[in-house]
Amino acid sequence: MTIFLSILIFLAGSKFYRNKVPIGSPLTTIFKVIISSLVNSWKQRSSSNAIANMATCPSSSSVCDVLKSSDESPSESLKFFNRAVNVRTSKLSCSIQQVEEVKIVIKILPIFAATIILNSCLAQLSTFSVQQAATMNTNLGSLKVPPASLPVFPVIFIMIIVPLYNHMVVPFARRVTTSETGITHLQRIGIGLILSIIAMAIATLVEIKRVRVATASQLLDSTNDPLPITFFWIVFQYLLLGSADLFTLAGLMEFFFTEAPFSMRSLATSLSFASLAIGYSLSTVIVTIVNRVTGDFNHQPWLSGSSLNHYHLDRFYWLMCILIGVNFLHYLFWAVKYKYRSTHTACPNWLIRNNT
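As a starting point, this report considers the structure included with it. Given the structure is predicted, the values throughout are model-derived calculations rather than measurements. (Residues numbered from 1 in each chain as written. Predicted model: local features only at pLDDT ≥ 70, side-chain atom pairs only at ≥ 80, totals over all residues. Heavy atoms only, no water.)

## Notes on the overall build of the chain
The number of helices and strands found in the chain is 13 helices and four strands. Per-residue burial for the chain yields a buried fraction of 41% across its 356 residues. Sequence separation of at least 24 residues holds for 77% of the intrachain contacts in the chain that already meet a minimum separation of 6. (Helix = DSSP H or I, 4+ residues; strand = E, 2+ residues; numbered from the N terminus. Buried < 20%, exposed > 50% of the residue type's maximum accessible area, 1.4 Å probe, protein only. Contact = heavy atoms within 4.5 Å.)

Printed below as a string of structure tokens:
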């Protein structure tokens, strides 16, 4: 009934919505700049040929207008793509603005890549964590909680901490840092990655405790009897990974939206969901590789057995903890080097004005 009412409300308000039809494609610009740079790198020009090419450039070429009417030049970063400005073929000629926009998108790709492994950890919440809870005591008083309903706990937790974060943490951070945002987008992503490391470490310790309880209770081979340990132990990793997802996803979307050029914001913000999709797919790949490698060396795959109690899930969680720790160092390397567009002195003023 609720879904039916929401459809009626949507249809009633749809006539008031004004859809702005997009012009062009950001992917076209990106491929054009890359191909133009490659074409010009293959042509070993002399400086005299380059000057002659600029003088005989067709009037329809936007790059000639820019070079003749403005003293602006491409930034020094990622110099390879500056070659796209001086391509002889008019169809492949790129303006300085197009080149700079592609550079910005390329610079944010390492930040995007650093969030993929986090989503691989999140995938464990809907697979192994649910299986863990299914072996434990899920009674809450007289109520028996279905293990698959555990994701409700991070949702409730997020509903509580978001108002606290917005009304307490952010104002305090603004006073301390004298910054409008208080906590920068990259700092927020970093906090999320740190929380994910802690979450996987806690998940490992909880699994070790769960197996010890099963061993002490002589229930290692049992598939029906619940272990005498409450499922609330699993909730901790749900809360921490849920908080990590909150910080990282929100920070990532804001980072892409503010840093990406206006013409490429749709592409940049979609990277957040691409990270989620790639991360979940990567989780499957990691599980497959772990089972194959450990099966060859130990003759018993870590994530295979007659029951979850015979898995080496704690070792797998340690592996994920190490992977996301290394990933955090990778993220830290790029985050420290990254300069926001608003403070990037090498970025032309016209590029900032066109995207504000």
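## Structural notes on helix 5 (residues 96-113)
Taking 1.5 Å of rise per residue, 18 residues should cover 26 Å, and helix 5 covers 27 Å from first to last C-alpha, within 8% of that figure. Residues of helix 5 that are buried: Ile96, Val99, Glu100, Glu101, Val102, Lys103, Ile104, Val105, Ile108, Pro110, Ile111 and Phe112. (Expected span 1.5 Å × (residues − 1).)

## Considering the pattern of salt bridges
Where side chains of opposite charge bring their charged atoms close, a pairing between them can arise. Counted by the stated rule, this structure contains three salt bridges. With a shortest N-O distance of 3.6 Å, Glu100 and Lys103 are connected by a salt bridge. With Glu100 and Lys103 both in helix 5, this residue pair falls three residues apart, about one helical turn. As far as the burial class goes, Glu100 and Lys103 line up, both buried. The partner of Arg210 in a salt bridge is Glu207, with the nearest N and O atoms 2.9 Å apart. With Arg210 and Glu207 both in helix 9 (residues 185-216) and three residues apart, this pair spans about one turn of that helix. For Arg210, a relative accessible area of 0% gives the class buried. (Salt bridge = Lys/Arg side-chain N within 4 Å of Asp/Glu carboxyl O.)

## Side note on the environment of Trp318
Summarising the element assignment, Trp318 is placed in helix 12 (residues 313-337). With a relative accessible area of 38%, Trp318 lands in the partly exposed category.

## Description of the nonpolar core
Formed by 64 residues in total, the largest nonpolar core has its most connected members in Leu186, Phe255, Phe316 and Tyr331. Sort the elements by how many residues they give to this core and helix 9 lands first, with ten residues. Core analysis: the next-biggest nonpolar cluster, separate from the first, contains twelve residues, Ile30, Val85, Cys94 and Val99 among them. (Core = buried A, V, L, I, M, F, W, Y, C linked by side-chain atoms within 4.5 Å.)

## Considerations on helix 6 (residues 116-123)
Within helix 6, eight of the eight residues are buried, leaving the element largely enclosed by the surrounding structure. The set of residues buried in helix 6 consists of Ile116, Ile117, Leu118, Asn119, Ser120, Cys121, Leu122 and Ala123.

## Re the packing of helix 2 (residues 26-42) against helix 5
Interaxial distance between helix 2 and helix 5 falls to 10 Å at its minimum, and their mutual angle equals 100 degrees. Comparing the axis directions of helix 2 and helix 5 gives the class roughly perpendicular. The residues of helix 5 that touch helix 2, namely those facing Thr29, Ile30, Lys32 and Val33, are Gln98, Val99, Val102 and Val105. When the residues that make up the contact of helix 2 with helix 5 are grouped by side-chain class, the tally is five nonpolar, two polar and one charged. (Axes fitted to C-alpha atoms, helices over the stretch in contact; angles between N-to-C directions. Parallel < 35°, antiparallel > 145°, perpendicular 65-115°, else oblique. Nonpolar A, V, L, I, M, F, W, Y, C, P; charged D, E, K, R; others polar.)

## Notes on the pairing of strand 4 (residues 227-230)
Residue alternation in strand 4 divides its side chains into a buried set, Leu227 and Ile229, and an unburied set, Pro228 and Thr230. Two strands pair when backbone bridges link them, and strand 1 (residues 136-137) and strand 4 are joined in this way by two bridges, in the parallel orientation. By the bridge assignment, Asn137 is partnered in strand 4 with Thr230. (Pairing = 2+ DSSP bridges.)

## Quick word on the environment of Pro163
Looking at the element boundaries, Pro163 is found in helix 8 (residues 152-177). The contact partners of Pro163, leaving out residues within four places of it in the chain, are Ile158 and Met168.

## Concerning unusual backbone geometry
Notably, Gln218 is not glycine yet its phi reads approximately 55 degrees, a positive angle. By the element assignment, Gln218 lies in the loop between helix 9 and strand 4. Here Gln218 falls in the exposed class, since its relative accessible area comes to 73%.

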